[in-house]
Amino acid sequence: MALRARTQNDGGDGPVGVAAPAPTTAASTQRLWRPFSYRPPRPHEVKELDRYNETLIGAARRAMWSRRRLRAAADRVVHLSDSFMRLSEAALDEEIETAREAARRGRRDHEARTHAFAVVREAVRRTIGLRLFVEQVMGAWVMEDGCLAEMATGEGKTVTACLTAAVQGWMGYGAHVVTVNDYLARRDAELNGPVYKRLGLSVGVVQDQSRPGERLEAYARDITYITDQQLIFDYLRDKLHAPLQPRVSSLLLDEVTDTAMSGPRELWTNRIVQRGLYSAIIDEADSVLIDQATTPAIIGAEGGEDKSAQYYYTAAELALKLRRGEHYAVDLQQHRVDLTDAGRERLAEIADALPPFWSGPRRRAELVTQALVARELYHLEDHYIVRDGDVHIVDPQTGRVLEGRQWQLGLHQAVQAKEGLKVTAARETMARISYQRFFQLYRRRSGMTGTAWEVRKEMWSIYRLPVVRIPTHKPMIRRHLPDRMFLDRESKFRAVADRVAQLNRTGRPVLIGTRSVEASEAMSRLLDERAIAHRVLNAVRHEEEAVIVAAAGKPGAVTVATNMAGRGTDIILGPGVADLGGLVVIATERHDSRRIDRQLFGRAGRQGDPGQAETFRSLDDALIRQCGIRPLARLLRRSFAARRLRLDAFLWWHAQRAASRRQALTRQMISKADLWFDRALYFENR
Amino acid sequence: MPEISRTFSELWYRVADFKPRLSTHLVVRRHIYRRNVWFILGDPTSSKFYRFNAAAYRFLGLLDGQRTVQEAWDICNAQLGDEAPTQRDCLDLLAQLQLYGLLRNDLPIDIQRLRERIEQIREQRFREFSGNYVFWTIPIFNPERFLAKYANLGRAVFSRWGLFALAALIILALRAVIPRWEEMAGSVNSIIAVENLPLLTLAFLGLKALHELAHGFACKAFGGRVTEIGIMFMIVLPIPYCDATASWAFPNKWHRILVSSAGVLCELAVACVAAIVWARTDAGLVHTLAYNVMFAASVATILFNINPLLRYDGYYVLADLTEIPNLSTRSHELMKWLTRRFLFGLKGEPCPPLHDRGEGAVMVAHAVLAFPYRLLVMLTIVLFVAQQYFIFGLLLGLFGAVMWLIVPIVKGLSYVLSEPTLQLVRVRAVTVCFGLIIAALGFIGFVPMPARVHAPGVVEPLERITFRAAHDGFLDGVYVANGEQVSSSQPLLAIASPDIAHQYERALAGVQLERARRDAAMVESTAEGMMSDTLLADAIERLRTMQAIVDELSVEAPFAGFVVAPDLHARLGSFVQRGEALLLLATLNDMVIRAYVDDRDFAWLFPNGLDAQDASRVRAQGRLYDHLDEVIDFDIDLQRSGMAGTRTLAHQSLGLNVRGGGIAVDPSDGRGQRTLSPQWLVTLRPRVPLAERGMNGSANDSALPTLPGTRVRIRLTRPPEPLARQWLRRVRQALSERFDI
């Protein structure tokens, strides 16, 4: 307690609000206490009746901000804010100081919040000339309340975040605004920069190429724009640099007595860049908290050539000598490969001629199965891409490259061996944290996204984030055409291309969403055949893509994009396009979750613009192959009557549900593993 | 991502550099299970045991506080190759040990964790206590010091000599009981009588206390610690228990078995003593008490203690005999795996470790039998309680139905519908499950099942006559032997009555006199002759009457039949009183069966009362003694069947007092003929008369002839009906009976 008071005093007369406090010893002491003194709630398993209780509380929290109450609160903000319009700059400064002081003292009541928001809204008006809509204020209001605001695409989320970020920034513990890529972090920080400046807040941006010193500085600012990747890896690196067992008691003792200012501790205090996790405002929250959370973040010691690389090559060779069906069975639905008895025998025969390493049947089977999995279940340009001689994982749902991630347990090596690349050593895990656990470390979380309603339960049960839907400023007038079903991918893609050609003649801009890089290439070839000028986006170079996406609304534009490409950038309709009916979004496949479908459709019909969404799907889509009810799919393939009965609607509905559940299961497993080693393997605090 | 590899684990880094070692207070024992070496780590402070296979133990042994986990694992791999525990195994192992606080390391103690752990344990205990609503246990005291003091006694008793002594005791008891076997078996009924309940409870409690002490002594005799004795409430019945878990660490399986069976052996000894006491005493308190002790020691022991399907002594004996420790838990796991793997088609989960196929078979059999048996026992207890205290029993029954039927079903369904790990095979799991449920429901609700009732009956002749002495007289002649078959109108016996003979003579003389008078009078005058005629007619009439009476004195067989007249020859010439039964003649080649049908079954068989329509629907079958291999069809004889319930049996032999009789009789009735519930007498006739079928020895010489009085079990079969309707009717009946609707 004493320490906390001291820190606040320091902040009071220290250089808060001024950019870049010098990393002095005093400052680093101030920075340090938080990561270790705040012990986040330990994850606990919710069982039986408690589960219902929790569900009820979640539903109640979501329902707490009814539209009427929320609008009334936001109206008050707008009203008060409008009354500030006639204030002089100096008078506004005084208001700012009042609001900031209130925030600093931890006033969180509605009155203080109304005042603070009004001040920020006025500052936004004066600096960037935007008058925030009531709906935007509503979004900020629930975020300030620790909720997740679901706001449709194009409603101005970037600016909305400004309101909450400013209030959290004033508190002085550092507010992290989390974005999905470096470009967006930079752009948003620049966009809102003038506002923060006017409000006396310092802003920092962490980019992939930022050096530790720059990071330290950026984290020390009031508001930090950063991607989830940078944030989480910085956290892990900090943990590695900290001494092995940072227990609260000993650290506190050091702080209070100021005895450990010299010696080895000096070394690590300056290598730690983060000053604690206090408040996170997460943009595209579902993408970060849900899609990213299917694999934990792991920091490993980079190894060079793997000592056991040869084994992976051999395993890949062995795998080639086995025949599918006879020696091993592939189960797409359960996503696994199993050796048959014949396969094991065959392996034993081959292994006789191999070095003794291959004599153990279990080890042998494991390695070869791994190689088979790499061959049968992981496909180039679908699950991964090869760049710079290494394998990069692609998120199969969004087409986004997961930088710096590796598959675990030798799968990565097996894929490398399959592609004939250099097998890098399996990175020895040094620190690991799941997204679930990491974001639970924040004392205050809030977020915004276009699509979160589908995962509202998970958002509550894992992150304690109630999802609140914010109405759009203008009514949405996007048209959805009925889905079209095809028997196979070829005919589907041809139909899409024909449709695009037809639309292109009228001059309407078209955005074609594909699931994988490979699909977007195939689509592109078909469009080339029909001599339709188009651009392809693969979610690799965010900045250029943002430009392309922004131009996708021009008349006659045809854009092929994976789902995540250019996310965060609005597609603004070109002149005359609205009269043609607006942008047409064509989904070439259903995604694993309805949420991601909606993300794609959300590209059209923003801010009351007209728009249209169409879906083309085929019976051999990955979704159906992996999660569909096989007998039903067979029936649909054969029977015209079944197609007439629209049984396919059920097939897809079920497959999508199963797929989302499967994803949720993976995340749940990660949470469970967290829980397990938290409870059982607490040997070290990594 | 599928989990392909178990050799490596991505969580390994958390333990790789850790240098733990086992806590020093642990006790290690080497056990052999199914020819495999296992190590049991015992924690004497908590009387908990942990079982490790040889490879895991090797790994644990390498952890000496100096080596890191990584080093120990590397050594294991180098030494054991493919047999070495995987990283995943090691992680599980360490996690488990850490969880139970059996690892020591040099890290500072984390108070918060400790507190959480304590809270966890406390919560777990509370859950165990409150969750186990059927068997509440309340510890009472620590018998360790007492047992240690008398440990020598235990060692003396649980030795070879003790076994010999027990064997001798058993022989003595059998010698005492066998001569009075019938009497003993006959008294079983009185056990259930309400007035006997306190005595039975007393016997039961005393016996169980001895039982538990025996466990304690046995455990102590082989060096285990016994630290807890208490009382367990089985629904409402308090039963003492004794914590002899220390015996699980005994390396010798026979020692473990002996500890597990010590209680039963003790009860056996007590039962033997009680049997001897019972045989040597006459009716009285001691006699009854001894009988009750015998009953409690045998029946309850067989139902509960010895039975391996409930988790009592028998279960542990079985587990040790088959060398499958943790039988129940592991068989449950195995069943779960089998279901998930084969019923639901989920691949990739490793099969729970098994030593051999035999082990798997035992486990499956145990799992398949134990659950229904447990249900059955619960049901029996509930029914028993309900008989004594209806409302309480009803509540208990409702509670039981919720806990043992509805809750498992709901849990099972929600498992299939929402268990995350089943996500990959959800469609199949749901299809299979609902398919099975629908099949089961369809079977119960729609497939007609034969519905039958067994009724004890007696063979009786279709016709039979008892010949009684028509008048006082002396037995003059017996022309047939007992058991002889006679044809129609064959003379049977004759009675000489001098009185009647005299009267006959007088009547004869009277006729002659009157005739002479008439002849004389006819000469005198016609009028007088006419008068004499009347007198003569009177005299003749008198003579006729006398003639009839005389005829009655010699008896002829009215129909072909079988004579039952024991000792009649011996009475030849002796005086017989009028009305005295002398001889019985019965038809033999045409028999009827008189069967007793319980009131409930009767109402169920013949819902409209016994009318022709109902009777024709019910099929009656049975086997006769002379043709056991042949099932005979019977027709229900409506005329001869009773039209109301009776509580009196025609024969003692049908009552429960006699072995083989099936009808519960009132124990207070000395003759054993008054039944507890009303019985309906149903008369059945063989569809094909027995005579026509060439019965009575002609068809099968070696068989006994079917004699009147032999018992027959008749099977009455209703037309097939779905089980659901049958059950519904039973329930309705039970309710209407209870509430007199």
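Each chain carries its own residue numbering, running from 1 in the direction its sequence is written. As a convention, the first chain written is A and the first ligand written is 1, with the rest following in written order. With the structure being a predicted model, the display of local features is reserved for residues of pLDDT at least 70 and the display and counting of side-chain atom pairs for 80 or more, all residues being used for whole-chain, interface and lining totals.

Q: Lay out the overall build of chain A in plain terms, naming residues and giving numbers.
A: The helix count covers DSSP runs of H or I at least four residues long, the strand count covers runs of E at least two residues long, and both are numbered beginning at the N terminus. Counting its secondary structure elements, chain A contains 29 helices and 21 strands. Counting only residues that meet the buried cut, chain A has 48% of its 686 residues in that class. Within chain A, contacts between residues at least 6 apart in sequence are counted, and of these 75% link residues at least 24 apart. Buried, partly exposed and exposed are defined by the number of other C-beta atoms within 10 Å of a residue's own C-beta, namely 20 or more, between the two limits, and 12 or fewer respectively, with C-beta atoms placed from the backbone. In this description, any two residues whose backbone-derived C-beta atoms lie within 7 Å of each other are considered to be in contact.

Q: Can you break down the overall build of chain B residue by residue, with the values?
A: Helix and strand counts for chain B come out as 23 helices and 23 strands. With 741 residues in all, chain B has 26% of them scored as buried.

Q: Could you give an account of the sheet that holds strand 1 (residues 148-150) of chain A, with specific residues and numbers?
A: Residue and element names in this part refer to chain A. If you trace the seven strands from one edge of the open sheet to the other, you get 3-4-2-5-13-1-14, paired in parallel fashion. Bordering the open sheet on either side are strand 3 (203-205) and strand 14 (467-469), each of which pairs with just one other strand. Across the sheet, the mean angle separating the axes of adjacent strands is 20° when strand polarity is ignored. One ladder, built from five bridges, connects strand 2 (residues 175-179) with strand 4 (residues 223-227); its direction is parallel. Pairing of Val-178 across the sheet is with Ile-226, part of strand 4. Axis geometry follows a simple rule: fit a line to the C-alpha atoms, using only the stretch in contact for helices, then measure angles between N-to-C directions, giving values from 0 to 180 degrees. Contacts from helix 8 (residues 157-170) reach strand 2, strand 4, strand 5 (279-283) and strand 13 (444-449), with the element oriented near 180° to strand 5. The pairing criterion is simple: DSSP has to find at least two bridges between the two strands.

Q: For the sheet that holds strand 10 (residues 464-468) of chain B, give the residues involved together with the corresponding values.
A: All names here are of chain B. Pairing is antiparallel across the open sheet formed by four strands, whose spatial order is 10-17-15-12. Whereas interior strands pair on both sides, the edge strands pair on one side only; in this sheet they are strand 10 and strand 12 (485-486). Bridge count between strand 10 and strand 17 (residues 581-586): five bridges; the pairing is antiparallel. Following the sheet pairing, Arg-468 is matched in strand 17 by Ala-581.

Q: Summarise the nonpolar core; cite the residues concerned and give the values.
A: All names here are of chain A. If you look at the biggest cluster of nonpolar residues, it comprises 123 residues, and the most contacted ones within it are Val-120, Leu-148, Ala-166, Leu-289, Met-459 and Val-585. By residue number, the principal contributor to this core is helix 8, which donates eight residues. Val-120 has contacts with Cys-162, Leu-163, Ala-166 and Leu-199, leaving out every residue within four places of it along the chain. Only buried Ala, Val, Leu, Ile, Met, Phe, Trp, Tyr and Cys residues enter a nonpolar core, and they are joined through C-beta atoms within 7 Å.

Q: Mind laying out unusual backbone geometry, listing which residues take part and the relevant values?
A: Here the phi dihedral of His-335 of chain A falls at roughly 55°; this positive angle occurs in a residue that is not glycine. Within the element layout of this structure, His-335 of chain A appears in the loop between strand 7 (328-331) and strand 8 (336-339). Positive phi, close to 60°, is recorded for Glu-323 of chain B, a residue that is not glycine. As for its placement among the helices and strands, Glu-323 of chain B is situated in the loop between helix 14 (313-321) and helix 15 (327-343). Owing to 19 C-beta atoms within 10 Å, Glu-323 of chain B belongs among the partly exposed residues under this scheme.

Q: Give me the packing of helix 6 (residues 110-127) of chain A against helix 9 (residues 182-198) of chain A: which residues, what numbers.
A: All names here are of chain A. Running from N to C, helix 6 and helix 9 cross one another at 120°; their axes reach a closest spacing of 9 Å. Comparing their axes, helix 9 and helix 6 come out oblique. Here the hand of the crossing between helix 6 and helix 9 comes out right-handed. When helix 6 is examined against helix 9, the residues Ala-123, Val-124, Arg-126 and Thr-127 are found in contact with a partner set consisting of Pro-194, Val-195 and Arg-198. Gly is put with the polar residues, along with every residue not named as nonpolar or charged; the nonpolar set is Ala, Val, Leu, Ile, Met, Phe, Trp, Tyr, Cys and Pro, and the charged set is Asp, Glu, Lys and Arg. Along the lines of polarity and charge, the residues of the contact of helix 6 with helix 9 split into four nonpolar, one polar and two charged. Note on angle classes: values under 35 degrees are labelled roughly parallel, values over 145 roughly antiparallel, values of 65 to 115 roughly perpendicular, and the remainder oblique. Here a crossing is taken to be left-handed if its near helix is turned anticlockwise relative to the far helix by less than a right angle, and right-handed if that turn runs clockwise.

Q: Please set out helix 11 (residues 197-221) of chain B residue by residue, giving values where relevant.
A: If you check helix 11 of chain B, its first and last C-alpha atoms are 36 Å apart, about what 25 residues at 1.5 Å a residue would give, namely 36 Å. Of the residues one or two after helix 11 of chain B, Gly-223 of chain B is the one with positive phi, at around 95°. By definition here, a helix of n residues has an expected span of 1.5 Å times n minus one.

Q: Help me get a handle on the pairing of strand 13 of chain A, residues and values and all.
A: All names here are of chain A. Taken across its six residues, strand 13 has five buried, putting it largely inside the fold. With three bridges connecting them, strand 1 and strand 13 associate as parallel partners. Paired with Ala-149 across the strands is Met-448, a residue of strand 13.

Q: Tell me about helix 22 (residues 517-529) of chain A, residues and numbers included.
A: Residue and element names in this part refer to chain A. An ideal rise of 1.5 Å per residue puts 18 Å on 13 residues; helix 22 measures up with 19 Å between its terminal C-alpha atoms. Listing the buried residues of helix 22 in full gives Val-517, Ala-519, Ser-520, Met-523 and Leu-527. Along the axis of helix 22, the buried residues cluster in a sector spanning 155°; they form a single face. More than 90 degrees from the buried face of helix 22, the exposed residues found are Arg-525, Asp-528 and Glu-529. At its buried positions, helix 22 is contacted by strand 9 (384-387), strand 10 (390-394), helix 21 (489-506), strand 17 (510-514), strand 18 (535-537) and strand 19 (558-562). Arc definition: it is the arc formed by the directions from the helix axis to the C-beta atoms.

Q: So what about the confidence of the model for chain B? Which residues, and what values?
A: Residues and elements named next belong to chain B. Each residue carries a pLDDT score, the predictor's own confidence in it, on a scale running from 0 to 100. Mean pLDDT over chain B works out to 81, with 88% of the residues at or above the 70 mark. Across residues 695-704, confidence stays below pLDDT 50; counting only partners more than four residues off in sequence or on other chains, it has 17 contacts. As a predicted assembly, this complex carries a pTM of 0.74 together with an ipTM value of 0.73.

Q: Summarise the environment of Thr-137 of chain B; cite the residues concerned and give the values.
A: Residue and element names in this part refer to chain B. Looking at the element boundaries, Thr-137 is found in strand 6 (residues 135-141). Since 16 C-beta atoms lie within 10 Å of it, Thr-137 is described here as partly exposed. The spatial distance from the C-alpha of Thr-137 to the C-alpha of Ala-218 is 22 Å, given a sequence separation of 81 residues. For Thr-137, the residues in contact, after removing those within four places along its chain, are Gly-230, Met-232 and Tyr-241.

Q: Talk me through the confidence of the model for chain A; I want residue IDs and the actual numbers.
A: Residues and elements named next belong to chain A. The pLDDT averaged across chain A works out to 81; a share of 85% of its residues lies at or above 70. Across residues 244-254 the pLDDT falls below 50, and counting only partners more than four positions away or on other chains, this stretch makes 15 contacts in the model. In this model residues 256-265 is a low-confidence stretch, pLDDT under 50, and it forms seven contacts with partners more than four residues away in sequence or in other chains.

Q: Run through the packing of helix 19 (residues 498-524) of chain B against helix 20 (residues 526-553) of chain B, naming residues and quoting values.
A: All names here are of chain B. Where helix 19 contacts helix 20, the axes come no closer than 8 Å and their chain directions differ by 160°. When the axis of helix 19 is compared with that of helix 20, the two are roughly antiparallel. Regarding helix 19 and helix 20, the two cross each other, and that crossing is left-handed. Per-class residue counts for the contact of helix 19 with helix 20 are 16 nonpolar, four polar and eight charged.

Q: So what about the environment of Ala-439 of chain B? Which residues, and what values?
A: Structurally, Ala-439 of chain B can be placed in helix 18 (residues 426-446). The spacing of Ala-439 of chain B and Asp-320 of chain B is 119 residues in sequence and 39 Å in space, taken between C-alpha atoms.

Q: Can you tell me about the environment of Leu-347 of chain A, naming the residues and giving the values?
A: Residues and elements named next belong to chain A. Here Leu-347 shows up in helix 16 (residues 341-351). Between the alpha carbons of Leu-347 and Trp-358 there is a distance of 9.4 Å; along the sequence they are 11 residues apart. Setting aside anything within four residues of it in sequence, one finds Leu-347 in contact with Leu-318, Arg-364, Ala-365 and Val-368.

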